[in-house]
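# Results of the structural survey
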Amino acid sequence: MKVLKFGGTSVGSVSSILSLRNIVEKEAKHQPVIVVVSALGGITDQLIASSQLALKGDESWKAEYDKMVDRHHKMIDTIITDPHDREALFNKVDTLFEQLHSIYYGVFLIHDLSHKTQDTIVSYGERLSSNIVATLIRGAKWFDSRTFIKTEEKQHGKRNLDSELTNQLVKETFSELPRISLVPGFIAQDRETGDITNLGRGGSDYTASILAAALDAEVLEIWTDVDGFMTADPRVIKGAYTISELSYTEAMELCNFGAKVVYPPTIYPVCVKNIPIKVKNTFNPDGQGTIIKSHIENNQKPIKGISSIKGTTLITVTGLSMVGVVGVNRRIFTSLANNGISVFLVSQASSENNTSIGVKDEDAENAVTVLNEEFRLEIEDGRMFPMHAESGLATVAIVGENMKHAAGIAGKLFGTLGRSGISVIACAQGASETNISFVVDGSSLRKALNVLHDSFFLSEYKVLNLFICGVGTVGGKLIEQIKSQYEELKLHSHLKLNVVGIASSHNAVFNRDGLDLDNYQEQLKASEPSNPELLRDKILSMNIFNSVFVDCTASKEVADLYLSFLENNISVIAANKIAASSPYSNYELLKQTALQRGVKFRFETNVGAGLPIIGTINDLRNSGDKILKIEAVLSGTLNFIFNEIAADVPFSETVRRAKEQGYSEPDPRIDLSGTDVIRKLVILTREAGYRIDQEDVEKNLFVPDDYFHGSVDDFWKRLPALDVDFEQRRKKLVENGKRWRFVATMDHGRTSVELKEVDTIHPFYNLEGSNNIVLLTTERYKEYPMQIQGYGAGASVTAAGVFANIMSIANI
């Protein structure tokens, strides 16, 4: 035989209750079944709320009562089609409602609501729903669970199951099993007084488990509104998925730490009898669900799931008198237990001078009062300190029986949290290594759950959340490249690049679930105005895990945001050269902050667009080599200009072409002044291990200084005046078989930029178009310098370089 339990959502609507009937009738064709049902979804809360209104003398309890009557009547009218059955059921239901009305009216009149009365009121939810379901399912026999589920009163008015008596009565009641037995869950009866009691919120699961264990059922099936236990809360983690199998221990740990799929006491009775539990979805009956049993085959994953409890308060008991004193912890837990306060986490320092305990927020004030009173004498004479309570926290547990066989789980856990900027306030792990629990600030809960789910491969995809600032030529191309590679990366690399924010110079749009890259421009136009400060505040407030800020602008204001992002464990990828070429103290601060926070500050495209120049220098140094000299043509713009210049193409025209074809900066004077090259040389020199600022670079420029003053329009008007001089010099250059190259040089830390004439045997001579070239002379590459050459400008290659930086972070 089987025991099937259906929760409130499974009986809460016409469609779900009809699905329930189909499931039960299908199972009953093969074997007897006992069906346990909860109250209609939301009715228990409504019963409690109405009783509180009556207690306060608020006549609106009547309206709430009428709503409950109307809901049950409509349900009966809709699903019970036989007139005789419907009339008989209405008589039963209305009799129950008349009793309930009398109780409410009594509470309203005398303004008193005892525990006994409250327990009686909430029992009507299951008594009503079970009669409806028993009538709906042909041939079902209704049983009153009060006659065989017995409780006994313990300390502080709490009631426990009288297991021995209950098991005896269950066996007697079901000695002959009907095809379908219908039992109201949750409700019970005091063994001594006969008063109506209950098994606690979620107790219908417990009722079903008690029946299954007492009758040695083949299986206990819990039918609910989810497909089973999930790897994490799907409302927080979009990639959470159903766990196919769990051990009893794993299920218990997940339930105790917030997974509300099964009421925790449910597991013990069936575990003792080795009866499996199946968790199934009433709305998806063909789904696989989750099976809970003693032994799991092919149990490879060390972590099965992540669970959490919001509203945690951490109370710290501390004092020098605690060290080496026997019995302090006994006093802590005994005093709390005697006052009905449950502790779900304990963390103690090895020095024994403090113990931290986790309780629910609603128990915190009472717990502090109890403990301060328990240790009143010690506090008065200074041997202990008053209790310290910290609220607004959350407790997270990672659960899996295989953790005991996998070294380094705890190290990976705390390392992952640390790199994400999440501080662990307290932690606890038992010797069984089934559960590692820790407490974090409540505001970090979502981020902690996501980063752990992603890190421990519970997610189908590794997720990288991108904030892209700048949608011009480079930013626009980058978004196109991400969109075109999105499915390929998901399929072959199990990587999901989630663009959660896009900002232009005036607007920004955000979505933590990911923006639609097909129409981001329309979204930007319709979005609220933004500026760098608002952009920073929004990104930090989103507090998203595995996040990367990608700067495709040339803005100093945006570059000034990097430190805030790095300090908050957001990696930064910059096509923008300003930060890496800023004063050395700022450059060093950014690098050190990234290192200390365990995040990345990458700017490969600052020099050479998509060429692997900075990465190569870093690889050489990291492997023990030393950079002695750098000679480079680093401006694709200037190289384009000096390759284009000809008898029929004057200097001013080449500059205009560079601007029109997207090679130059928006203001080409930045390129012509050598500012861009100087920045690049400073960056390379710093990455080569030398301390340098832009002011240290010797500048030998080819455009008079006064051209760099005034407006851009004035510059374009004056520029043709240089054409004659350049043409004369160009002719002489051609006669001598040479070409112009604007060369950046670093020689043992000394730096310079200048326009040089190179002959046909020089590596720079045949440099075409907008290509860049770099010669690296090192202790290992002295006689024959290492040469790196290729496209050094252009939106597509620069975007590709930024994309490569993104991938380097994703693949760590």
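Residues numbered from 1 in each chain as written. Predicted model: local features only at pLDDT ≥ 70, side-chain atom pairs only at ≥ 80, totals over all residues. Heavy atoms only, no water.

Tallied over the entire structure, the rule returns 24 aromatic pairs. Between the aromatic rings of Trp61 and Tyr65, the centroid separation amounts to 6.4 Å while the plane-to-plane angle is 65 degrees, which identifies the pairing as edge-to-face. A residue pair is termed a helical-turn pair when its members lie 3 or 4 positions apart in one helix, as Trp61 and Tyr65 do in helix α3 (residues 61-79) at 4 residues. A relative accessible area of 0% means that Trp61 is categorised as buried. Note on Tyr65: relative accessible area 9%, which makes it buried. (Phe/Tyr/Trp six-rings, centres within 6.5 Å; stacked < 30°, edge-to-face > 60°. Helix = DSSP H or I, 4+ residues; strand = E, 2+ residues; numbered from the N terminus. Buried < 20%, exposed > 50% of the residue type's maximum accessible area, 1.4 Å probe, protein only.)

Now for the pattern of salt bridges. For the coordinates displayed, the defined rule picks out 37 salt bridges. In this structure, Glu687 and Lys591 form a salt bridge, with 3.2 Å as the shortest nitrogen-oxygen distance. With Glu687 in helix α25 (residues 675-687) and Lys591 in helix α20 (residues 584-597), the pair connects residues that are 96 residues apart, well separated along the chain. For the salt bridge of Arg729 with Asp725, the shortest nitrogen-to-oxygen distance reads 3.2 Å. With Arg729 and Asp725 both in helix α27 (residues 723-735) and 4 residues apart, this pair spans about one turn of that helix. Look at Asp725 and you get partly exposed, because its relative accessible area is 38%. In this structure, a network of salt bridges that share partners links the residues Lys2, Glu27 and Glu221. (Salt bridge = Lys/Arg side-chain N within 4 Å of Asp/Glu carboxyl O.)

By size, the foremost hydrophobic cluster in this structure holds 103 residues, and its most contacted members are Ile398, Leu452, Phe549, Ile630, Phe651, Leu672 and Phe702. Among the elements that take part in this core, α25 stands out by supplying 6 residues, more than any other. Apart from residues no more than four positions distant in its own chain, Leu452 is found in contact with Ile306, Val396, Ile398, Leu413, Thr416, Leu417 and Phe438. Counting 52 residues, the second largest nonpolar core, distinct from the first, contains Phe143, Phe148, Ala214 and Ile275. (Core = buried A, V, L, I, M, F, W, Y, C linked by side-chain atoms within 4.5 Å. Contact = heavy atoms within 4.5 Å.)

A few words on the environment of Ile17. Tracing the backbone through its elements, the reader meets Ile17 in helix α1 (residues 14-28). Sequence spacing of Ile17 and Glu152 is 135 residues, and the spatial spacing of their C-alpha atoms is 33 Å. Contact partners of Ile17, with chain neighbours within four places excluded, come to Ser10, Val11, Met75, Ile79, Ile132, Val133 and Leu136.

Taken in spatial order, the 6 strands line up as β26-β28-β27-β25-β29-β30 in an open sheet, and their pairing is mixed. Of all the strands in the sheet, the pair left with one neighbour each is β26 (698-700) and β30 (786-791). Here the strands of the sheet are splayed against their neighbours by 20 degrees on average, with no regard to which way each runs. As paired elements, β26 and strand β28 (residues 750-758) share 3 bridges and run parallel to each other. Across the sheet, Lys699 pairs through a bridge with Val753, a residue of β28. Docked against the sheet, helix α21 (residues 613-622) engages β25 (627-633), β29 (771-778) and β30, running at close to 10 degrees with respect to β29. (Pairing = 2+ DSSP bridges. Axes fitted to C-alpha atoms, helices over the stretch in contact; angles between N-to-C directions.)

Let us now look at the confidence of the model for the chain. On average, the chain scores 92 in pLDDT, and the residues at 70 or more come to 98%. Per-element mean pLDDT across the chain ranges from 87 in helix α13 (residues 409-419) up to 98 in strand β2 (residues 33-37). (pLDDT = per-residue confidence, 0-100.)

So, about the sheet that holds strand β10 (residues 245-247). Pairing between sheet strands relies on hydrogen bonds along the backbone, with the strands arranged either parallel or antiparallel. Taken in spatial order, the 8 strands make up an open sheet running β3-β6-β2-β1-β9-β11-β12-β10, and their pairing is mixed. Each end of this open sheet is capped by a strand with a single partner; those strands are β3 (140-142) and β10. When the angles between neighbouring strand axes are averaged without regard to direction, this sheet yields 20 degrees. Pairing geometry for strand β9 (residues 219-224) and strand β11 (residues 277-281), over 5 bridges, is parallel. In the strand pairing of β11, Trp223 is matched with Lys280. Together, β1 (2-6), β2, β6 (180-184) and β9 form the strand contacts of α1, whose direction differs from that of β1 by roughly 180 degrees.

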